[in-house]
Amino acid sequence: MLQRPRPELDLASTDQPMRLVFAPSGAELEAALECEGDVFEQRFGESREHLRGSLAAHEDTSVFLAVLASDGTAVAASRLVTPGSRRHKTLDYLAEAPWGLDADECADLAGVRLESTYDVATLCVRPRSEGEGALWTAALCHGMFQIAKANGVSHTVALLDEGARARLAAVGIIYTAFPGASPQPFDGSPATTPVYASMTEMVERQRRDFPEAYALIGKGLGLSGVHVPSLEHFRVPALPVTLDVRESRWDVAAAGLEAVGMA
């Protein structure tokens, strides 16, 4: 699993009970893995062994984002697969049943620049009250926008359960199905779709059409009770290419994730 040294966080000056942590290691990484396993098992009936096996080929390029409680428990976590020598996990599945499409052609038709694309392999929020779950989901989404901003990520791809996809779209986090891909039963989900998004287009659409949602994810406004580190803490080792991403294009935000509950 991708590891890197992180700048030290100054937590002495904050009393927030939660922390947003990128690229955790040690006990923090174990907590993120436990959250991922628990949520997939509870929501989709997918065993940890099956999940681990399905992601094993991408272990070396995986990095986690987690919301950690004061006792070290991960209440929310997301696994991101960064560009590497292997094809993206989502494209691997796109080429197999139930879709069976030419994944590379689909990516070309969609304009996805794979060398600067991150795969959102998992996004898990432990079941809690609606307000808590919404806050933790918003914190994860904020972290993902920060990661994109810090590392010049042009696109993200994912296998999204249609319920989660609709809830994200309602707050301006809009993913598009790959050409020819339709919702299909997959790993315990009744309807899952391989999807992609241009990060700059997502930001501009959310800025224009979802101003209230835009206020939270990029700026982190309203993430009450969650300590969010500075942008430098969201950097990963250099991507294969360096993109010219203008700062103004990544001055992003979103809110109102009332019940995304995405896994």
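Quick caveat: nothing in here was measured; it's all calculated off a predicted structure.

A look at the overall build of the protein chain
Piece 1. For the protein chain, the helix and strand inventory stands at 8 helices and 9 strands.
Piece 2. Each of the 263 residues in the protein chain was classed as buried or not, and the buried ones make up 52%.
Piece 3. Long-range contacts, defined as pairs at least 24 residues apart, comprise 78% of the intrachain contacts of the protein chain with a sequence gap of at least 6.
Piece 4. A total accessible area of about 11,200 Å² is found for the protein chain, and carbon and sulfur atoms account for 49% of it.

Details of the packing of aromatic side chains
Piece 1. Considering all chains together, one arrives at 4 aromatic pairs under this definition.
Piece 2. With centroids separated by 6.1 Å and ring planes inclined at 25°, the aromatic side chains of Phe-22 and Phe-234 adopt a geometry described as stacked. Within this pair, whereas Phe-22 is found in strand S1 (residues 18-22), its partner Phe-234 is found in the segment after strand S9 (226-227), the two being separated by 212 residues in sequence. Of the two residues, Phe-22 and Phe-234, both sit in the buried class.
Piece 3. Considering the side-chain rings of Phe-178 and Tyr-196, the 5.1 Å spacing of their centres and the 45° angle between planes classify their relative orientation as tilted. Linking Phe-178 in the loop between strand S6 (176-177) and strand S7 (184-186) with Tyr-196 in strand S8 (residues 189-198), this pair joins segments that are 18 residues apart in sequence.
Piece 4. Residue class for Phe-178 comes out buried when judged on its relative accessible area of 1%.
Piece 5. We classify Tyr-196 as buried; its relative accessible area is 16%.

A short note on helix H4 (residues 103-110)
Piece 1. By the burial criterion, the buried members of H4 are Ala-103, Cys-106, Ala-107 and Ala-110. For H4, the arc enclosing every buried residue in end-on projection is 100°, short of the 170-degree limit, so these residues lie on one face. In H4, the exposed positions angled more than 90 degrees off the buried face are occupied by Asp-108 and Leu-109.
Piece 2. Of the residues that open H4, the one with a side-chain oxygen 3.3 Å from the backbone nitrogen of Asp-104 is Asp-102.
Piece 3. Looking one or two residues beyond H4, the residue adopting positive phi is Gly-111, at roughly 75°.

Focus on the nonpolar core
Piece 1. Ranked by internal contacts, the top residues of the largest apolar core, which has 44 residues, are Phe-22, Leu-65, Val-67, Ile-173 and Tyr-175.
Piece 2. Those elements giving two or more residues to this core turn out to be S1, strand S2 (62-68), strand S3 (74-81), strand S4 (117-125), helix H5 (130-151), strand S5 (155-161), S8 and helix H7 (199-209).
Piece 3. Per-element accounting of this core gives the leading share, 10 residues, to H5.
Piece 4. Excluding residues within four positions of it along the chain, Val-67 makes contact with Met-18, Arg-19, Leu-20, Thr-73, Ala-74, Val-75, Ala-76, Trp-136, Ala-139 and Leu-140.
Piece 5. Grouped together as the second largest cluster of nonpolar side chains are 18 residues, Val-21, Leu-51, Phe-64 and Ala-121 included.

Digging into the side chain of Ser-198
Piece 1. Residue placement: Ser-198 occurs in strand S8.
Piece 2. Using a relative accessible area of 13% as the deciding quantity, one classes Ser-198 as buried.
Piece 3. There is a polar contact of 3.3 Å between the side chain of Ser-198 and the side chain of Thr-200.

A look at the state of the cysteines
Piece 1. Summed over the entire model, instances satisfying the criterion amount to 0 disulfides.
Piece 2. Here Cys-35 stays unpaired: no disulfide links it, and the sulfur of Cys-124, its closest cysteine neighbor, is 5.8 Å away.
Piece 3. On the accessibility criterion, Cys-35 (0% relative accessible area) is buried.

Cut-offs applied
Residues numbered from 1 in each chain as written. Predicted model: local features only at pLDDT ≥ 70, side-chain atom pairs only at ≥ 80, totals over all residues. Heavy atoms only, no water. Helix = DSSP H or I, 4+ residues; strand = E, 2+ residues; numbered from the N terminus. Buried < 20%, exposed > 50% of the residue type's maximum accessible area, 1.4 Å probe, protein only. Contact = heavy atoms within 4.5 Å. Areas by Shrake-Rupley, 256 points an atom, 1.4 Å probe, with all protein chains shown as cover. Phe/Tyr/Trp six-rings, centres within 6.5 Å; stacked < 30°, edge-to-face > 60°. Arc of directions from axis to C-beta. Polar contact = N/O pair within 3.5 Å; in protein donor to acceptor, adjacent residues only side chain to side chain. Core = buried A, V, L, I, M, F, W, Y, C linked by side-chain atoms within 4.5 Å. Disulfide = S-S within 2.5 Å.

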